[in-house]
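Observations on the model geometry
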Amino acid sequence: MRLHKNLFFLALLVFVFSCKSTQKSLDDKSASLIEEVVNYDLEDALLWKIEGNGLTKSSYLFGTIHMITKENFFWPKGTLAALDDSEKAAFEVDLDDMFDVSAQMGMITKAFMKDNQTLADFYSEEDYKFVKDHFKDMGIPMFFLEKIKPMFLTVFASGDVEFGAGLGGDSGVKSYEMELYELCQDSQKDVDGLETLEFQISVFDSIPYQAQADMLLETIRSTDAENDMFKEMIAM
């Protein structure tokens, strides 16, 4: 099942945001930790079984990167069997909400800044041109982005996630959550969410627009470092 990209756009942003970072580079401690972790055998570390301590039923915890290229997508051993053994799947948010058209229309309006503010209001002329040229090179006219909250735009700024990726068509990107959700739909399993879309969007609203704009600018400037970090995450 796929939802038209215009309705899916906002919800997609929420999912991919948590796997992005505006950190320019890894510090020595983090780099050392990664080297240590890579040397371990973590073949099954993405999937964990939770049992014991008086639990009458076991559960499974599965770690994902929200969006990943098709060539790096795979199911770790035992993942599909664990899903088959489960009665319900709980995601970061309830994915059923993504297919509620009325709910999505309400969410889309919350992606825009208040008081008719635009990105140009938060940048010098030079920085605004830098941001505008970056998205233009990605094939995204600033006309479509001018009033969207900068934090949402940060998701696409590094180029790791294509604008419109995962919304149908051959984008070269897959979503673990959507793949799992579709399997749940096929097997008629209930799905639930640990948080609501409204709550996640409220987190954006707690950050001043100027701070969001600064994060967006820093993300664009540190694209190369971000790409390296994302590749490191995939390798781990």
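The sections below set out a description of the structure shown in this document. (Residues numbered from 1 in each chain as written. Predicted model: local features only at pLDDT ≥ 70, side-chain atom pairs only at ≥ 80, totals over all residues. Heavy atoms only, no water.)

**Describing the overall build of the protein**
Using the following cut-off: The way it works is that DSSP assigns letters per residue, a run of H or I at least four long becomes a helix, a run of E at least two long becomes a strand, and they are numbered from the N terminus. Only protein chains enter the accessibility calculation, which uses a 1.4 Å probe; a residue whose area is less than 20% of its type maximum is buried, one above 50% is exposed, and one in between is partly exposed. Contact criterion: two residues are considered in contact whenever any of their non-hydrogen atoms come within 4.5 Å of each other. In this description, accessible areas are obtained by the Shrake-Rupley approach with a 1.4 Å probe, and a residue is regarded as covered only by the protein chains that are shown.
The secondary structure content of the protein amounts to 10 helices and 6 strands. Here the protein holds 236 residues, and 40% of them are scored as buried. By sequence separation, contacts in the protein at least 24 residues apart represent 82% of the contacts at least 6 residues apart. About 13700 Å² of surface is accessible on the protein, with carbon and sulfur atoms providing 52% of the total.

**What to know about helix H5 (residues 125–137)**
Just so we agree on the cut-off: In a helix, the anticipated span is given by 1.5 Å times the number of residues less one.
When the terminal C-alpha atoms of H5 are compared, their 18 Å separation across 13 residues agrees well with the 18 Å that a helix rising 1.5 Å per residue should span. Positive backbone phi, at 85°, marks Gly 139, one or two positions downstream of H5.

**Brief notes about the layout of surface pockets**
Where we set the bar: A cavity, in this analysis, means grid points on a 1 Å lattice covering only the protein atoms where a 1.4 Å probe fits yet has no way out; a pocket is instead an open set bounded by protein on both sides within 12 Å along at least five of seven lines, and a residue lines either one if it has an atom within 4 Å of a point. Grid points are joined across faces, edges and corners, and a volume is the space filled by probe spheres set on the points. Throughout this entry, Asp, Glu, Lys and Arg are counted as charged residues, while Ala, Val, Leu, Ile, Met, Phe, Trp, Tyr, Cys and Pro are counted as nonpolar. The remaining residues, Gly among them, count as polar.
By volume, the largest pocket is sized at about 780 Å³. Looking at the largest pocket, it is lined by 28 residues, and the ones nearest its centre are Tyr 60, Leu 61, Phe 62, Ala 89 and Ala 90. Looking at the lining of the largest pocket, the elements that each hand over two or more residues are strand S1 (47–50), strand S2 (59–62), helix H3 (79–84), strand S4 (88–93) and helix H7 (176–186). For the lining of the largest pocket, the residue count by class is 15 nonpolar, 7 polar and 6 charged.

**A closer look at H7**
Heads up, the rule is: Two N or O atoms count as a polar contact when they lie within 3.5 Å, although within protein this holds only if one can serve as hydrogen donor and the other as acceptor, and sequence-adjacent residues are included solely when both atoms are side-chain atoms.
Of all 11 residues in H7, 8 are buried; the element is thus mostly enclosed. Where H7 begins, the capping side chain belongs to Ser 175, and its oxygen is found 3.3 Å from the backbone nitrogen of Glu 177. Backbone geometry just after H7 places Gln 188 at a positive phi near 55°.

**A few points about the nonpolar core**
Burial of nonpolar side chains together is a common tendency in soluble globular proteins. Inclusion rule: Residues belong to a common nonpolar core when they are buried Ala, Val, Leu, Ile, Met, Phe, Trp, Tyr or Cys residues joined through side-chain atoms within 4.5 Å.
One finds Tyr 123, Val 131, Phe 135 and Leu 216 to be the most contacted residues of the largest nonpolar core, which totals 37 residues. Elements with a minimum of two residues in this core: S4, H5, helix H6 (150–157), H7, helix H8 (197–205) and helix H9 (209–221). Once residues within four sequence positions are removed from consideration, Phe 135 is found in contact with Ile 140, Met 142, Leu 145, Leu 153, Ala 157, Leu 216 and Ile 220.

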